[in-house]
Amino acid sequence: MPLDQSFVGRSWPPTEPYLVGREKIREFARAIGATDAEYHDPEAARALGYADVVAPPTFPVAITMPATREVVADPALGVDYSRVVHGDQRFAYSRPVVAGDALVCVNTVEEILSRGGHEFLTTRTDVTTEAGEPVVTVWQKLVVRGEA
Amino acid sequence: MSVELEPQTFRVTRADLVRYAGASGDFNPIHWSERTATSVGLPGVIAHGMFTMALVGRAVTHWAGAPDAVVELSVRFSKPVPVPDTEEGTEVVVTAKVKEITDEGHTRLSLTATCNGDKVLSMSQALISKR
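Just so it is clear, the model here is predicted, and its values are computed rather than measured. (Residues numbered from 1 in each chain as written. Chains lettered and ligands numbered in written order. Predicted model: local features only at pLDDT ≥ 70, side-chain atom pairs only at ≥ 80, totals over all residues.)

A closer look at the overall build of chain B
Phase 1 of the analysis: Regarding its fold elements, chain B presents 3 helices and 6 strands.
Phase 2 of the analysis: Starting at the N terminus and ending at the C terminus, chain B contains elements arranged as β-α-α-α-β-β-β-β-β.
Phase 3 of the analysis: Over its C-alpha atoms chain B spans a radius of gyration of 16 Å, differing by no more than 12% from the 14 Å that the globule rule assigns to 131 residues.
Phase 4 of the analysis: Summarising its shape, the C-alpha atoms of chain B cover approximately 50 × 30 × 25 Å along the three principal directions.
Phase 5 of the analysis: Expressed as a percentage of its 131 residues, the buried residues of chain B come to 40%.
Phase 6 of the analysis: Across chain B, contacts joining residues at least 24 apart in sequence account for 58% of those joining residues at least 6 apart. (Helix = DSSP H or I, 4+ residues; strand = E, 2+ residues; numbered from the N terminus. Rg over C-alpha atoms; globule rule 2.2 N^0.38 Å. Buried ≥ 20, exposed ≤ 12 C-beta atoms within 10 Å, placed from the backbone. Contact = placed C-beta atoms within 7 Å.)

Focus on the packing of helix H1 (residues 22-31) of chain A against helix H1 (residues 14-24) of chain B
Each pair of packed helices gets described by two things: the angle between the helix axes and the distance between those axes.
Phase 1 of the analysis: At a minimum axis separation of 9 Å, H1(A) and H1(B) run at an interaxial angle of 155°. Classified by the angle between their axes, H1(A) and H1(B) sit roughly antiparallel to one another. Handedness of the crossing formed by H1(A) with H1(B): left-handed. The residues of H1(B) that touch H1(A), namely those facing Glu27(A), Phe28(A) and Ala31(A), are Arg19(B), Tyr20(B), Ala23(B) and Ser24(B).
Phase 2 of the analysis: Classifying every residue of the contact of H1(A) with H1(B) by side-chain character gives 4 nonpolar, 1 polar and 2 charged. (Axes fitted to C-alpha atoms, helices over the stretch in contact; angles between N-to-C directions. Parallel < 35°, antiparallel > 145°, perpendicular 65-115°, else oblique. Left-handed = near helix turned anticlockwise from the far one by under 90°. Nonpolar A, V, L, I, M, F, W, Y, C, P; charged D, E, K, R; others polar.)

Let's talk about H1(A)
Phase 1 of the analysis: Within the span of H1(A), buried status applies to Ile25(A), Phe28(A), Ala29(A) and Ala31(A). Down the axis of H1(A), the sector holding all buried residues measures 160°, keeping them to one side.
Phase 2 of the analysis: In this structure, the buried residues of H1(A) make contact with helix H3 (61-72) of chain A together with H1 of chain B. (Arc of directions from axis to C-beta.)

A word on the confidence of the model for chain B
Phase 1 of the analysis: Residues with a pLDDT of 70 or more make up 98% of chain B, whose mean pLDDT is 95.
Phase 2 of the analysis: Prediction confidence for the complex, expressed as pTM and ipTM, is 0.96 and 0.96 respectively. (pLDDT = per-residue confidence, 0-100.)

As for the interface of chain A and chain B
One frequent convention defines the size of an interface as the accessible area lost when the parts assemble.
Phase 1 of the analysis: Counting residues at the interface gives 25 residues for chain A, matched by 24 residues for chain B.
Phase 2 of the analysis: Among the elements that line the side of chain A that touches chain B, the one with the most residues is strand S2 (residues 84-93) of chain A, at 8 residues.
Phase 3 of the analysis: When its residues are assigned to classes, the side of chain A that touches chain B shows 15 nonpolar, 5 polar and 5 charged.
Phase 4 of the analysis: Sheet topology note: the S2(A)/strand S2 (residues 70-77) of chain B ladder contains 5 bridges and is antiparallel. Counterpart to Gln89(A) in the pairing with S2(B) is Val75(B). (Pairing = 2+ DSSP bridges.)

Topic: the pairing of strand S4 (residues 107-115) of chain B
Residue and element names in this part refer to chain B.
Phase 1 of the analysis: Alternating positions in S4 separate cleanly, Thr107, Leu109, Leu111, Ala113 and Cys115 being buried on one face and Arg108, Ser110, Thr112 and Thr114 remaining unburied on the opposite face.
Phase 2 of the analysis: Strand direction decides the pairing type here: S4 and strand S6 (residues 121-128), joined by 5 bridges, are antiparallel. Residue pairing in the sheet places leucine 111 in a bridge with serine 124 of S6.
Phase 3 of the analysis: Pairing of S4 with strand S5 (residues 118-119) involves 2 bridges; the strand directions are antiparallel. Its bridge partner lying in S5, cysteine 115 is registered against aspartate 118.
Phase 4 of the analysis: The turn joining S4 and S5, which pair antiparallel and follow one another in sequence, is formed by 2 residues; a positive phi near 55° is taken by asparagine 116.

Comments concerning unusual backbone geometry
Phase 1 of the analysis: Positive phi, normally seen in glycine, also occurs at Asn116(B), with a value near 55°.
Phase 2 of the analysis: Tracing the chain through its elements places Asn116(B) in the loop between S4 and S5.

Details of the environment of Phe91(A)
Phase 1 of the analysis: Tracing the chain through its elements places Phe91(A) in strand S2.
Phase 2 of the analysis: A residue is classified by how many C-beta atoms lie within 10 Å of it, and Phe91(A), with 24 of them, is buried.
Phase 3 of the analysis: Between the C-alpha atom of Phe91(A) and that of Thr137(A), which follows or precedes it by 46 residues, the distance is 5.8 Å.
Phase 4 of the analysis: The contact partners of Phe91(A), leaving out residues within four places of it in the chain, are Pro57(A), Pro60(A), Val136(A), Val138(A), Glu72(B) and Leu73(B).

The following block contains the structure:
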């Protein structure tokens, strides 16, 4: 079933702030094998100019993937999640995420394409501080495989 | 200009996928249940795309020298990374070529990742700055 094209260009209200914890960054860094001190030790991070332990570059998905559920799971859009595979992922950073950040996500549907029997859904998530300081913009393209 | 950077090799085991599921909150069973993975036509349990991208992020951070030197990172997942239920699991190799220096003075890298000789990413690149 094709996705509802009327979603293109639609944005959602800002999410509740996500509080970035020091232990969550450490846990994520351990899970991907990132052992450098700036991911684990606040003193080492501060010595390198970060406000606190710094998150590895792909950490923001731990925030944005749950945030995009409000888009992807909207029954009116028509995504059959059992047929979804991850197509593309992109991050554009204004600055790295650090422990202590309170981050707000605004989701926008950028593009919906139909090609070769598959549907392609591109969302953009603008991640900012509560005060509106840009931190990172995250694009995710999901492929909804057609029923071949 | 097409300077190749030193390839970065990462071992990936089932235990890594379980740990990543917990840390990232992505509990899709195709990343830990052989039964679920094969029932949807996969060869077996596969790595989270975002786990592979996290390894790419580690490689790029290593080449850039610092996490805040990574300005942009983008990948296209072109093939799954199967992770067998063995001690040694599998191996992902991330390679990069310097493509250009941009007008802002950033370095653009084109990225590839391979597993068992298969390219698992396409159209992937990073933009890094001097710290």
